Amino acid sequence: MSLPSQHISLFQSAPHSSLPHTPEFSPVHPLGKQQHYVTKTSTQLSPSDGKIELLERCLYCAFLTSPPAEGDYGRGLRSLDIWSASTGFRSNTPLFSDQARNLNRFVLRVVSLAFRPFSDYAKTSSAPSAPTQIRDSVDARLLDLVTGKFNCTYILREPVDGNWGLQLENGSWNGELQMIRQHEADMTLVLSVTGPRMADFDMTAAYQAEVLTFITKMPGLRPQWQALSRPFSGETWSLLLLSLLFAGPAVWFFKRLIPQQELGEQAWEGPNPTFQDIFFSTFASMLQKPSTIVPKPASTRMLLLSWWLYCLLVSTFYSGSLVAYLSFPGLNPTIDTLEQLSLSNYRWGTLDAYGSEYQLFRDSTDSVYRTLFARMEFFSESRLMDEVARGQFALIGYETHIRHLHAVKKADPNWTTEIHFPSVSFFPNGFGWALRKGSQLRPHIDRLFGMLLQGGFVPLWLEDVLHTSACEASVFTQLDSKINRSTRPGVEFVSTTTREPQPLRLYHLQSIFLLAGGGLVFALLVFVAEYKNLSSVMNRKKWDGQTRMERERERKREREREREREREREREREREREMVIHC
């Protein structure tokens, strides 16, 4: 029997007669690629008498303290078979056994960050990467099943740098994945399964399908004073205004188009209307007022008939919609897509653990993603929901984690903020565990995850953990009964309590009162303008009258002075004549 060439690099050889009882080998981590050893002598072996004993190392026995069993050559080595050049192997013992079926109480070094409801723990020390006490979560239950099935235990630590595992520009990794690559940990808990991670690590099958989404504070009610304009859109109001402006001139055009002398009688029932009468009559039809003008020509009658029908339908639609908008003004527009978010005046942010969502926005070439990444803010988990409650902020993250944060906040009686979940999501992926390349444990974990998913255990655990977290966060124990345990994750609990019809209050009718008040103010302004205009006219007339009287009196005074001067001249002439006669 000969060794396959692809496995020769996994072995070291030595003569059977020179095997030490406790050979020293360079330590190889259990979850690495190298799995078996053969010792080798320094002398040349002849094909006729050379013997080589093949030894297998127990990959998961390196930390055991019990004495080696019979046939154990120390440090977990056991003899598999003896090979010679002439006869080959003595027996058909399998050379490459699957040691992951039984880990012999091996201690797995697990690394993870708190990511409720999937992973959660309590710190037992402030030292970096100190062991932690795991709490009930989805991954904790999965980890208990794995350790129970494969006969092992675990120690949970958090990464030293507090990151999930981000691929750097030089191709290396930080966070949890750096500890996996540097043999400081054996496996991680919850991690999103992405292409770069699958290329450098063994990622298990996804046990939970996930998507990225974002939430914002529910926008408030629209201003009630706008209720009168909301039944129609801006384009509709524009067309209505144009129709009102052109309806009167159209009727006037038909009136001028048909000469009265050709009819042999009046073209209108009653007095012949003026342009002003026609314009205000068409405007009154929009307010469902009877028309005061009745034409006799058939063409004008058909025009007014179509106009009256148009006004009837428009006023009916408007009055019907107005009741609804007066009762409930509606909400301000919500943000439902990343494009809308990037164009808004909102802030946005995500968890400061720099995981797959960070790498998605950082490495994306899409213009929307790059715009979002340029203004991305990062917060701790305890601050995320508080930023949302302040308003004008969007929290970007994985949907289940966000709904967990929301459920915990809703259990607090002091939390009154309503949250808006958009109708769309992005970046669909899944959550799994990361192990080092070539791990024997990954296929077994994949099969176990598959059976759990087929049995529906993971969704059930997720629902139970969400409910438990919300109950633990409750300030008053009576709030626990208000949380619907049978509600699926992500489905909001809606009260079915019926309410009696509420009367319309001043808040609902404020637009009507504002309209009346606005009309009164407008009328007062017009009155002031008219008063000023009339005052100006009267003053001008009065000034003109006074001016005429002054000019008349001035002319009279001028005539009096002229007569006085004439009499003075006459007296002068009389005196001159008297002097001449006297002389």
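These numbers were taken from a predicted model, which means no experiment stands behind them. (Residues numbered from 1 in each chain as written. Predicted model: local features only at pLDDT ≥ 70, side-chain atom pairs only at ≥ 80, totals over all residues. Heavy atoms only, no water.)

Student: Summarise the overall build of the protein; cite the residues concerned and give the values.
Tutor: Summing up its helical and strand segments, the protein has 15 helices and 18 strands in all. Sorting the 583 residues of the protein into buried and exposed places 39% on the buried side. Long-range contacts, defined as pairs at least 24 residues apart, comprise 74% of the intrachain contacts of the protein with a sequence gap of at least 6. Accessible surface for the protein amounts to roughly 34000 Å². Of this, 59% is attributable to carbon and sulfur atoms. (Helix = DSSP H or I, 4+ residues; strand = E, 2+ residues; numbered from the N terminus. Buried < 20%, exposed > 50% of the residue type's maximum accessible area, 1.4 Å probe, protein only. Contact = heavy atoms within 4.5 Å. Areas by Shrake-Rupley, 256 points an atom, 1.4 Å probe, with all protein chains shown as cover.)

Student: Go over the nonpolar core, please, and point to the residues and values.
Tutor: Generally speaking, a soluble globular protein has its nonpolar side chains buried in company with each other. Counting 78 residues, the largest nonpolar core has Leu142, Tyr207, Leu341, Leu395 and Trp433 as its most contacted members. Apart from residues lying up to four places away in sequence, leucine 395 is in contact with Thr213, Phe214, Ile215, Gly349, Thr350, Leu384, Met385, Val388, Ile402 and Leu405. With 13 residues, the next largest nonpolar core counts Ala227, Phe232, Met286 and Val314 among its residues. (Core = buried A, V, L, I, M, F, W, Y, C linked by side-chain atoms within 4.5 Å.)

Student: Describe empty space enclosed by the protein, and please don't skip the residues or the numbers.
Tutor: Throughout the structure, instances matching the rule amount to five cavities of 30 Å³ or more. By volume, the largest cavity is sized at about 110 Å³. Considering the residues around the largest cavity, the lining is formed by Phe115, Trp164, Val190, Leu191, Ser192, Arg197, Gly355, Ser356, Glu357, Tyr398 and Phe431. Only strand E10 (191-192) and helix H9 (356-363) provide two or more residues apiece to the lining of the largest cavity. Broken down by class, the residue content of the lining of the largest cavity amounts to six nonpolar, three polar and two charged. (1 Å grid on protein atoms, 1.4 Å probe; cavity = no way out; pocket = protein on both sides within 12 Å on 5 of 7 lines; lining within 4 Å. Points joined across faces, edges and corners; volume = space filled by probe spheres on them. Nonpolar A, V, L, I, M, F, W, Y, C, P; charged D, E, K, R; others polar.)

Student: Outline unusual backbone geometry, supporting the account with residue identities and numerical values.
Tutor: With glycine set apart, most residues show a phi of negative sign, and most peptide bonds adopt trans. The omega angle of the peptide bond from arginine 116 to proline 117 is 10 degrees, so this bond is cis rather than trans. Looking at where proline 117 falls in the secondary structure, it is placed in the loop between strand E5 (106-111) and strand E6 (121-123). Unusually for a residue other than glycine, glutamine 392 sits at a positive phi of about 55 degrees. Tracing the backbone shows glutamine 392 in the loop between helix H11 (381-390) and strand E15 (393-398). Take glutamine 392: its relative accessible area is 40%, and that puts it in the partly exposed class. Located in the positive-phi region is phenylalanine 427, a residue other than glycine, with phi close to 55 degrees. Among the structural elements, phenylalanine 427 can be located in strand E17 (residues 426-432).

Student: Give me the pattern of salt bridges: which residues, what numbers.
Tutor: By the definition in use, this model includes 35 salt bridges. Several salt bridges share partner residues, and in doing so they unite Glu554, Arg557, Glu558, Arg561, Glu562, Arg565, Glu566, Arg569, Glu570 and Arg573 into one network. (Salt bridge = Lys/Arg side-chain N within 4 Å of Asp/Glu carboxyl O.)

Student: Please set out H9 residue by residue, giving values where relevant.
Tutor: The element H9 is extensively covered by neighbouring structure, given that six of its eight residues are classed as buried. Within the span of H9, buried status applies to Ser356, Glu357, Tyr358, Gln359, Leu360 and Phe361.

Student: Any details on the confidence of the model for the protein? Residues and values, ideally.
Tutor: Residues at a pLDDT of 70 or more form 79% of the protein, whose mean pLDDT is 77. Scored below 50 in pLDDT, residues 62-73 makes 18 contacts in the model with residues more than four places away or belonging to other chains. Predicted confidence is poor over residues 475-498, with pLDDT under 50, and the contacts of this stretch with residues over four places away or in other chains come to 30 contacts. (pLDDT = per-residue confidence, 0-100.)

Student: Go over the environment of threonine 282, please, and point to the residues and values.
Tutor: Here threonine 282 is to be found in helix H6 (residues 275-286). Only 2.7 Å separates the side chain of threonine 282 from the backbone oxygen of phenylalanine 279, close enough to count as a polar contact. (Polar contact = N/O pair within 3.5 Å; in protein donor to acceptor, adjacent residues only side chain to side chain.)

Student: Quick rundown of the pairing of strand E3 (residues 77-84)? Include the residues and the values.
Tutor: With seven bridges joining them, strand E2 (residues 51-57) and E3 adopt antiparallel strand pairing. Bridge assignment links isoleucine 52 to a residue of E3, and that residue is tryptophan 83. One ladder, built from two bridges, connects E3 with strand E4 (residues 88-89); its direction is antiparallel. Each bridged residue has a counterpart across the sheet, and for tryptophan 83 the counterpart in E4 is phenylalanine 89. (Pairing = 2+ DSSP bridges.)

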